[in-house]
Amino acid sequence: AQKVTQAQTEISVVEKEDVTLDCVYETRDTTYYLFWYKQPPSGELVFLIRRNSFDEQNEISGRYSWNFQKSTSSFNFTITASQVVDSAVYFCALSEALRQESNTGKLIFGQGTTLQVKP
Amino acid sequence: DGGITQSPKYLFRKEGQNVTLSCEQNLNHDAMYWYRQDPGQGLRLIYYSQIVNDFQKGDIAEGYSVSREKKESFPLTVTSAQKNPTAFYLCASSLGGYTDTQYFGPGTRLTVL
């Protein structure tokens, strides 16, 4: 069955430290999509990145970077020089096709990692 | 501005009452979704709709109902049959397929008194 595991429930760091959030997934599909979302205290999920299973290049966006490794089924997220505004719950998600004929999908979420960045 | 709106932000319900959560999007997306989030957990799919006048049950549809009469709107009714409705409800939309990114609204926090 498809599954996403975020083993770190809570992480606490001091501002300017680097931090890595782990994500491990399970899927039988050869084509799949992985996502990271940020949920600040306000509650809204903010999209951060989408990655398809055929693109294993690492991606960097400002202080954010993502390391996708199919060999270990992992899609880890690193924040460099963390800031207080990075404090949030971060979710990793796997997209699964619901109905082949319509290509409709659903997201399978991990449990989330709560990141607290202290000043 | 393009986006997804949900109302109300907070909702209180007495046991035995039905309540309806609103979700509207102006992104011209075909697909819309409802997820439920419980404390310390990830999101679980309640219902989804690929096109107008069509919707399907997700993983935890019991006690919920939806309609999709307009492309922009996908309201969720939490019925009295839902045994534990207190939760955070998030609506999302996407262009259509499972390859597309889902974008989320701000959520509605429902509390049963």
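The text that follows walks through the structure, step by step, so that each part is easy to find. These numbers were taken from a predicted model, which means no experiment stands behind them.

A word on the state of the cysteines
Then, number 1: For the structure on display, the rule yields 2 disulfides over all chains.
Then, number 2: The residue that forms a disulfide with C23 of chain A is C92 of chain A, at a sulfur-sulfur distance of 2.0 Å. Because the torsion about its S-S bond is -65°, the bridge between C23 of chain A and C92 of chain A counts as left-handed. Taken together, the residues C23 of chain A in the loop between strand 3 (19-21) and strand 4 (24-26) and C92 of chain A in strand 10 (residues 88-99) connect sequence positions 69 residues apart. As far as the burial class goes, C23 of chain A and C92 of chain A line up, both buried.
Then, number 3: Disulfide pairing places C23 of chain B opposite C91 of chain B at an S-S distance of 1.8 Å. Classification of the bridge connecting C23 of chain B and C91 of chain B rests on its S-S torsion, roughly -70°, and on that basis the disulfide is left-handed.

Concerning the pattern of salt bridges
Opposite charge on two side chains permits pairing when their charged atoms draw close.
All names here are of chain A.
Then, number 1: This structure, assessed with the given rule, holds 7 salt bridges over all chains.
Then, number 2: Here D55 makes a salt bridge to R51, at a shortest N to O gap of 2.8 Å.
Then, number 3: Put simply, R51 and E59 hold a salt bridge, and the shortest N to O gap is 2.9 Å.
Then, number 4: Here the salt bridges do not stand alone but share partners, grouping R51, D55 and E59 into one network.

Considerations on unusual backbone geometry
Then, number 1: Residue P8 of chain B is bonded to the preceding S7 of chain B through a cis peptide linkage, with omega at -5°.
Then, number 2: Even without being a glycine, A81 of chain A presents a positive backbone phi close to 50°.
Then, number 3: Summarising the element assignment, A81 of chain A is placed in the loop between strand 9 (74-79) and strand 10.
Then, number 4: Phi at N28 of chain B takes a positive value of approximately 60°, unusual for a residue other than glycine.
Then, number 5: Structurally, N28 of chain B is set in the loop between strand 3 (19-25) and strand 4 (31-37).

Considerations on the packing of aromatic side chains
Then, number 1: For the structure shown, the criterion picks out 21 aromatic pairs over all chains.
Then, number 2: Ring pairing ties together the aromatic residues F35, Y37, F47, F91 and F109 of chain A together with Y33, Y35, Y103 and F104 of chain B, which thus form one cluster.
Then, number 3: A cation over a ring is seen here: R68 of chain B above F74 of chain B, with NZ or CZ 6.0 Å from the ring centre.
Then, number 4: The ring centre of F88 of chain B lies 4.4 Å from the NZ or CZ of R109 of chain B, which sits over that ring.

Scoring rules and cut-offs
- Residues numbered from 1 in each chain as written.
- Chains lettered and ligands numbered in written order.
- Predicted model: local features only at pLDDT ≥ 70, side-chain atom pairs only at ≥ 80, totals over all residues.
- Heavy atoms only, no water.
- Disulfide = S-S within 2.5 Å.
- Helix = DSSP H or I, 4+ residues; strand = E, 2+ residues; numbered from the N terminus.
- Buried < 20%, exposed > 50% of the residue type's maximum accessible area, 1.4 Å probe, protein only.
- Salt bridge = Lys/Arg side-chain N within 4 Å of Asp/Glu carboxyl O.
- Phe/Tyr/Trp six-rings, centres within 6.5 Å; stacked < 30°, edge-to-face > 60°.
- Lys NZ or Arg CZ within 6 Å of the ring centre and 35° of its normal.

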